[in-house]
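Chain by chain, the residues:
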Amino acid sequence: MNPQSPQATADTQRSREQVRQAHALVADLFERRPALYWFDFLVTISASWAFTALYFAAAGGPAFLALAAIPASIGFFRAGTFIHEIVHFRGDEMRAFKWAWNLLLGFPLLMPWILYRNHIEHHSRMHFGTPRDGEYLPLAAAPPIETVKYLLQIPLLPILALLRFGLLGPLSHLHRGLREWLLTRASAAITNPYYRKRFPNRHEPELVRSEWFCFGWILLLATLTAFGPMQAIHWVMAWALLALTMGLNWLRNLAAHGYGHSGEAREHIEQIGDSINLTGQTWLTCWFFPVGLRYHALHHLLPGLPYHQLGRAHRRLVEGLPDDHPYHACNHPDYFRVVGRLLAGSWRHRGRADVIRRWQSGH
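Keep in mind it's a predicted model, so treat the numbers as computed, not measured.

Within the chain, leucine 110 stands out as a residue other than glycine whose phi angle is a positive 60°. One can find leucine 110 in the loop between α5 (95-106) and α6 (144-152).

This is the structure we're talking about:
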């Protein structure tokens, strides 16, 4: 391996020092409060399923459907964001919570937490902001059609999940080639459709268990449709509810980063420069960025901080970090301004396709 240049070495040292500065200010905030996780999640998911029951009862016409579907989807979205916390748990930490999350949300909504294990790569210095990052698309550095294509995926997401767990998952155990394709192309929760990476062998037992639980749920619903109270319209209603739920996260994700990287690996502190904290305390921020997601730049700076400490940590960092620390530039008051900046960047690159071609090639 070639040694780093003096400038690269200096950049690495400066990056590490800036991270240490931040860590020192919040070193006492890394302990999780399991009881809060359980209370928060169980209250949220219970309310979501209650509204879902009202939604499927459909006794009051279209207006009643909307009044039930909207809070149900918001609740599922909020409860679903605990997946982000789960993948940052250490080893077997809060194992019972992982099972509860899967049983009450992950399996029924066909998004078991193990599919999100690739999120850890999103924090890697070698992967973040590159074509190897499953959660990064250079939308601000690519023509507007890429943003349109990103948004058009939303109604397809529930259908793809149904195909993945209801058909391809079981069949893949009968055909080695299909299994390898599925493990490489359809076993990660990603927003980068060009991401290609084989699912790790060490996590396959958890994935296989999750696949059979999801398939069992689909089989139960199919049986209820064939012999019980479910009808075809209920599948359409389920699709609409899931599309709305997943769409909320898809739209939220537009303000997670600036999405202006062209594919080069970045130092840890450089991830912060392309990450967003939404500091405006508005109803949209509270609703659209639950479970600490509004502090996305802070999460990239110190990924181990639990969600219930992020607000406190943010206030300390704003007050305690030196004025030239890059963290200060990550704070934005308004979701729409952040998305507007992304769209403006995309428009400036409307005649260029070189960056997105790099993503398509995977290199």
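And the narrative resumes.
Across the interface, helix α7 (residues 157-172) lies against helix α8 (residues 176-185) with an axial gap of 7 Å and an inter-helix angle of 135°. With respect to α8, the element α7 is oriented oblique. Facing Arg164, Leu168, Gly169, Leu171 and Ser172 of α7, the residues of α8 in contact are Leu178, Arg179, Trp181 and Leu182. Its residues placed into classes, the contact of α7 with α8 shows five nonpolar, two polar and two charged.

A turn of α-helix holds 3.6 residues, and therefore any two residues three or four places apart point the same way. With 20 residues, helix α3 (residues 61-80) should reach 28 Å at 1.5 Å per residue; the first-to-last C-alpha distance of 28 Å fits that figure. Of all the residues in α3, the buried ones are Ala68, Ala69, Ala72, Ser73, Gly75, Phe76, Phe77, Ala79 and Gly80.

Turning our eyes to something else, we now look at the side chain of aspartate 133. Looking at where aspartate 133 falls in the secondary structure, it is placed in the loop between α5 and α6. Buried and unpaired, aspartate 133 has arginine 132 as its nearest opposite-charge partner, separated by 9.4 Å.

On to the environment of leucine 302. Looking at the secondary structure, you find leucine 302 in the loop between α13 (296-301) and α14 (310-320). The spacing of leucine 302 and histidine 123 is 179 residues in sequence and 9.9 Å in space, taken between C-alpha atoms. Aside from chain neighbours lying at most four places away, what touches leucine 302 is Val19, Ala22, His23, Val26 and Phe30.

A few words now on the side chain of histidine 261. Along the polypeptide, histidine 261 turns up in the loop between α10 (232-252) and α11 (268-273). Contact partners of histidine 261, with chain neighbours within four places excluded, come to Phe128, Gly129, Tyr136, Pro138, Ala141, Arg266, Glu270, Asp274, Val355 and Trp359.

The rules behind the values
Residues numbered from 1 in each chain as written. Predicted model: local features only at pLDDT ≥ 70, side-chain atom pairs only at ≥ 80, totals over all residues. Heavy atoms only, no water. Helix = DSSP H or I, 4+ residues; strand = E, 2+ residues; numbered from the N terminus. Axes fitted to C-alpha atoms, helices over the stretch in contact; angles between N-to-C directions. Parallel < 35°, antiparallel > 145°, perpendicular 65-115°, else oblique. Contact = heavy atoms within 4.5 Å. Nonpolar A, V, L, I, M, F, W, Y, C, P; charged D, E, K, R; others polar. Expected span 1.5 Å × (residues − 1). Buried < 20%, exposed > 50% of the residue type's maximum accessible area, 1.4 Å probe, protein only. Lys, Arg positive; Asp, Glu negative; His and termini not counted. Salt bridge = Lys/Arg side-chain N within 4 Å of Asp/Glu carboxyl O.

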